[in-house]
Amino acid sequence: MRLTIFFATLLGSIALTQAYFSGWFATQSSPIGFMTTDAQAGESMSFNRCHIGGGYNCVVDGDTIWLAGEKIRIADIDTPETHDYGCQSEKDLGDRATDRLEQILEAGTITLQPIDRDEDQYGRKLRIVLVNGESVGTTLVGEGLARWYAGGRRPWC
């Protein structure tokens, strides 16, 4: 009996810990609009990779992230697909954009600025993303890893 209770408690604790670190319990007192997120002064935030399901501070691909439990689409750019790609060169460029976005996000203070629309058709928050006051979109476009968003899907192959 004691052993059963011990294992039930252990499994429950593990499940709650995983849920917490996946962002399931993340709440926000105000909607993500104009928001600045920073680790302790001078520290960078750590990002992981994520694709399926929710996340907490992780990069989905070159133009989509999870930040503080909210899925955010970088509103002003389009990057190549890494999951539903049309050709290998699109996936390769998309992987490079994803790697670079992770590096940029870990480099400093992240600020989100709303645009004229709150969400896209997939429920992602549409935001302009700045790191240390610099546009992530401008950086990725300048490095040839993204293009300015012009509405809808356009081929990369």
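Residues numbered from 1 in each chain as written. Predicted model: local features only at pLDDT ≥ 70, side-chain atom pairs only at ≥ 80, totals over all residues. Heavy atoms only, no water.

Turning next to the confidence of the model for the protein. Mean pLDDT over the protein: 80, with 72% of residues reaching 70 or higher. Scored below 50 in pLDDT, residues 2-34 shows 30 contacts in the model against residues more than four places distant or in partner chains. Predicted confidence is poor over residues 37-43, with pLDDT under 50, and the contacts of this stretch with residues over four places away or in other chains come to nine contacts. (pLDDT = per-residue confidence, 0-100. Contact = heavy atoms within 4.5 Å.)

On to the packing of aromatic side chains. Following the criterion strictly, the structure yields zero aromatic pairs and no others. Stacked on the ring of Tyr149, the Lys or Arg Arg73 has its end atom at 5.3 Å from the ring centre. Its end group placed over the ring of Trp156, Arg147 keeps NZ or CZ at 3.8 Å from the ring centre. (Phe/Tyr/Trp six-rings, centres within 6.5 Å; stacked < 30°, edge-to-face > 60°. Lys NZ or Arg CZ within 6 Å of the ring centre and 35° of its normal.)

A separate point is the pattern of salt bridges. Summed over the entire model, instances satisfying the criterion amount to 13 salt bridges. The closest approach of N and O atoms between Lys91 and Asp95, which form a salt bridge, is 2.8 Å. With Lys91 and Asp95 both in helix α2 (residues 88-105) and four residues apart, this pair spans about one turn of that helix. The partly exposed category is assigned to Lys91, whose relative accessible area is 21%. Taking the shortest distance from any N to any O, the salt bridge between Lys125 and Asp118 comes out at 3.1 Å. (Salt bridge = Lys/Arg side-chain N within 4 Å of Asp/Glu carboxyl O. Helix = DSSP H or I, 4+ residues; strand = E, 2+ residues; numbered from the N terminus. Buried < 20%, exposed > 50% of the residue type's maximum accessible area, 1.4 Å probe, protein only.)

The next thing to look at is the side chain of Asp76. Turning to its location among the elements, Asp76 is positioned in the loop between β5 (70-74) and β6 (77-78). The buried charged residue Asp76 lacks any salt bridge partner; its closest oppositely charged side chain belongs to Arg73, at an N-O distance of 6.7 Å. Once you skip the residues sitting within four places of it in the chain, Asp76 turns out to touch Ile128, Ser135, Gly137, Arg147, Trp148 and Tyr149. (Lys, Arg positive; Asp, Glu negative; His and termini not counted.)

Covered by surrounding structure in strand β4 (residues 64-67) are Thr64 and Trp66 together with Ile65 and Leu67, the residues of both alternating faces. Here strand β3 (residues 58-61) pairs with β4 via three bridges, running antiparallel. From the neighbouring strand, Cys58 faces β4, where its bridge partner is Trp66. Here β3 folds back onto β4 in antiparallel fashion, the turn holding two residues. Bridge count between β4 and β5: four bridges; the pairing is antiparallel. Pairing of Ile65 across the sheet is with Ile72, part of β5. Hairpin connection between β4 and β5: a loop of two residues separates the two successive antiparallel strands, and Ala68 in this loop has a positive phi of roughly 50°. (Pairing = 2+ DSSP bridges.)

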